[in-house]
Amino acid sequence: MEKLRENQIYTGTVEGYSSEGLGIVRLDGAVVFVPGAVRGETVDLKITKVMKTAAAGKIVKIHAPSPERAEPECPYYGRCGGCDFQHLTYPEELRAKRQRVQDAITRLGGSAVEVEEILGAKDPTHYRNKSQYPVGADGAIGFFRERSHQVVAVEGCLIQRPEADRTAEAVRAWMRRYKISAYDETTGKGLVRHVYVRVNRAGESLCCLVVNGRGVPREPELAALVRVAAPGTVGVLINSNTRKGNVVLGERYRTVWGQDYLMDTLRGLTFKLSVPSFYQVNPAQTEVLYGKALEFAALTGTETVLDLYCGIGTITLCMAGSARRVIGAEIVPEAIRDAEENAARNGIENADFFCGDAADVAARLEGEGLRPDVVTVDPPRKGLAPQVIASIAAMGPERVVYVSCDPATLGRDVKLFAQTGYALTRACAVDMFPGTRHVETVALLARQAAAGAARS
């Protein structure tokens with residue numbers, strides 16, 4: 001096999017997509033990752049980097065464009081690193097995401113279960129109810145370029161809510177008018193680091209300015225400009241983050257104007273959201289996702305459900321109406337307070353919440369003899385720690401409903417669950433993040449003895 005050479009032109013056919021959304025071309029047995037490629041296309045590509053086991057390339061000519069190739073509607077696509085699939089038709093994007101989940105379950109999870117379907121969005125645009133705009137040292141407000149901390153100035157984003165874009169533009173105008181400095185991460189100097197905006201389904205918004213200090217000059221003027229740009233604004237906050245690093249939010253908040261929370265509705269329930277609370281970013285698809293989780297839980301009204309990583313209690317409280325008792329656990333104290341308030345606000349009396357690390361809470365409840373019928377988990381991207389899986393298995397639930405935002409860690413955890421006697425029986429992908437490579441999965445793991453009895 002001849003080794004690929006940088007800056008040389010080669011011809012190959014795109015076979016599929018990587019987990020990063022890149023096209024895959026095989027040349028003499030070597031895998032080449034190519035941005036902007038579409039499955040089935042024959043392309044001429046230039047090798048831009050040769051690594052030990054793979055290479056990177058860029059398209060210089062497409063011999064025959066695929067019917068699944070689309071013209072990106074976003075003028076920033078290719079410069080901003082927020083989206084990965086704007087060059088694909090939406091059906092092809094869904095196919096790529098379903099295949100990504102299938103590959104993870106099969107190759108990493110060792111399971112023969114087929115991903116039943118992928119549930120796409122009715123509207124794949126302007127769906128994000130949470131926006132985090134980094135501010136560059138030069139005052140640019142937008143999003144990071146792929147694999148960098150260079151901020152690409154963006155005036156309008158196809159996946160953010162218009163209210164959020166208008167709020168970011170108001171902050172940009174305020175900074176220019178009053179000569180407010182931007183934070184420079186190389187020197188640690190400057191003030192404004194991020195513009196953080198939440199928007200609910202009614203169009204109300206909450207603006208939080210993340211700053212390198214306790215405050216900024218001209219705060220009343222900031223609030224006034226934001227309220228003019230987004231009349232549905234209910235609160236303007238300052239978050240203090242003086243630490244170096246990539247963590248967006250600091251621990252101290254101060255309200256400049258209005259209130260420090262936002263209300264939203266989901267599956268007929270009302271939820272209170274503070275700035276740091278975890279809440280799914282696509283409300284329409286969240287209802288689809290939770291509907292599938294409820295289907296997999298197969299509740300009859302007699303069960304006890306344990307919900308780990310419960311956040312502000314969204315899944316917990318959605319399950320409450322179909323269960324005898326629900327228990328939520330979350331490490332963030334503010335989220336637990338919100339969850340308890342949300343239960344009271346919605347008149348739900350069969351829900352209890354515990355604050356603590358998922359592994360610690362699961363071990364404590366297992367030690368106290370809790371035997372839930374169903375356990376639900378919705379962990380962060382890193383998935384479940386092995387001790388969490390062990391504690392869940394020790395409780396002996398009939399079913400585990402796993403909501404995953406990362407197919408790779410889901411696949412890894414499916415394999416670990418199999419070692420404890422829980423087999424994957426169903427999986428469904430849900431497109432929560434149209435335009436990007438990210439995809440959610442709802443997986444059902446059943447205690448093997450119970451699964452065997454059900455089949456017999």
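Please read these numbers as outputs of a predicted model, since none were measured by experiment.

Some remarks on the overall build of the chain
The secondary structure content of the chain amounts to ten helices and 22 strands. The C-alpha radius of gyration of the chain comes to 24 Å, within 12% of the 23 Å expected for a compact globule of 456 residues. Overall size of the chain, expressed as C-alpha extent along the three principal axes, is 65 × 60 × 40 Å. Put simply, the chain has 456 residues, and 53% of those count as buried. Of all intrachain contacts in the chain linking residues separated by at least 6 positions in sequence, the fraction that spans at least 24 positions is 63%. For the chain, the computed accessible surface area is about 19900 Å², with 50% contributed by carbon and sulfur atoms. Of the side-chain charges in the chain, 56 are positive and 54 negative, and the distance between the mean point of each set is 5 Å.

Thoughts on helix α1 (residues 90-108)
Here α1 spans 27 Å end to end across 19 residues, near enough to the 27 Å set by a 1.5 Å rise per residue. Next to the buried residues of α1 lie β1 (9-17), β6 (118-119), α9 (407-419), β21 (422-430) and β22 (440-447). Positive backbone phi, at 65°, marks Gly110, one or two positions downstream of α1.

Quick look at the confidence of the model for the chain
The share of residues in the chain with pLDDT of 70 or more is 98%, and the mean pLDDT across the chain is 94. Note on residues 450-456: pLDDT is under 50 here. Beyond four places in sequence and across chains, it has two contacts.

Some remarks on the packing of helix α7 (residues 358-367) against helix α8 (residues 386-395)
Where α7 contacts α8, the two axes come as close as 9 Å, and the packing angle between them is 25°. Classified by the angle between their axes, α7 and α8 sit roughly parallel to one another. The element α7 and its partner α8 pack so that their crossing is left-handed. Of the residues in α8, those in contact with Ala358, Ala359, Ala362, Ala363, Leu365 and Glu366 of α7 are Gln387, Val388, Ser391, Ala394 and Met395. A class-by-class count of the residues in the contact of α7 with α8 yields eight nonpolar, two polar and one charged.

Focus: the pairing of strand β10 (residues 192-199)
Of all the eight residues making up β10, eight are buried; the element is thus mostly covered by neighbouring parts of the structure. One ladder, built from five bridges, connects strand β7 (residues 130-134) with β10; its direction is antiparallel. In the sheet register, Ser131 faces β10, and the bridge partner there is Val197. Strand direction decides the pairing type here: β10 and strand β11 (residues 205-211), joined by seven bridges, are antiparallel. Counted as the bridge partner of Val195 is Leu209 from β11. Remark: five residues form the turn of the hairpin made by β10 and β11, two consecutive strands paired antiparallel; Gly203 in that turn has positive phi of roughly 90°.

Concerning unusual backbone geometry
The phi angle at Asp28 is positive, at roughly 50°, despite the residue not being glycine. Turning to its location among the elements, Asp28 is positioned in the loop between β2 (23-27) and β3 (30-34). Look at His126: it is not a glycine, yet its phi comes out positive at around 50°. With respect to the helices and strands, His126 occurs in the loop between β6 and β7. On the accessibility criterion, His126 (34% relative accessible area) is partly exposed.

Reading guide: rules and limits
Residues numbered from 1 in each chain as written. Predicted model: local features only at pLDDT ≥ 70, side-chain atom pairs only at ≥ 80, totals over all residues. Heavy atoms only, no water. Helix = DSSP H or I, 4+ residues; strand = E, 2+ residues; numbered from the N terminus. Rg over C-alpha atoms; globule rule 2.2 N^0.38 Å. Buried < 20%, exposed > 50% of the residue type's maximum accessible area, 1.4 Å probe, protein only. Contact = heavy atoms within 4.5 Å. Areas by Shrake-Rupley, 256 points an atom, 1.4 Å probe, with all protein chains shown as cover. Lys, Arg positive; Asp, Glu negative; His and termini not counted. Charge placed at Lys NZ, Arg CZ, Asp CG, Glu CD. Expected span 1.5 Å × (residues − 1). pLDDT = per-residue confidence, 0-100. Axes fitted to C-alpha atoms, helices over the stretch in contact; angles between N-to-C directions. Parallel < 35°, antiparallel > 145°, perpendicular 65-115°, else oblique. Left-handed = near helix turned anticlockwise from the far one by under 90°. Nonpolar A, V, L, I, M, F, W, Y, C, P; charged D, E, K, R; others polar. Pairing = 2+ DSSP bridges.

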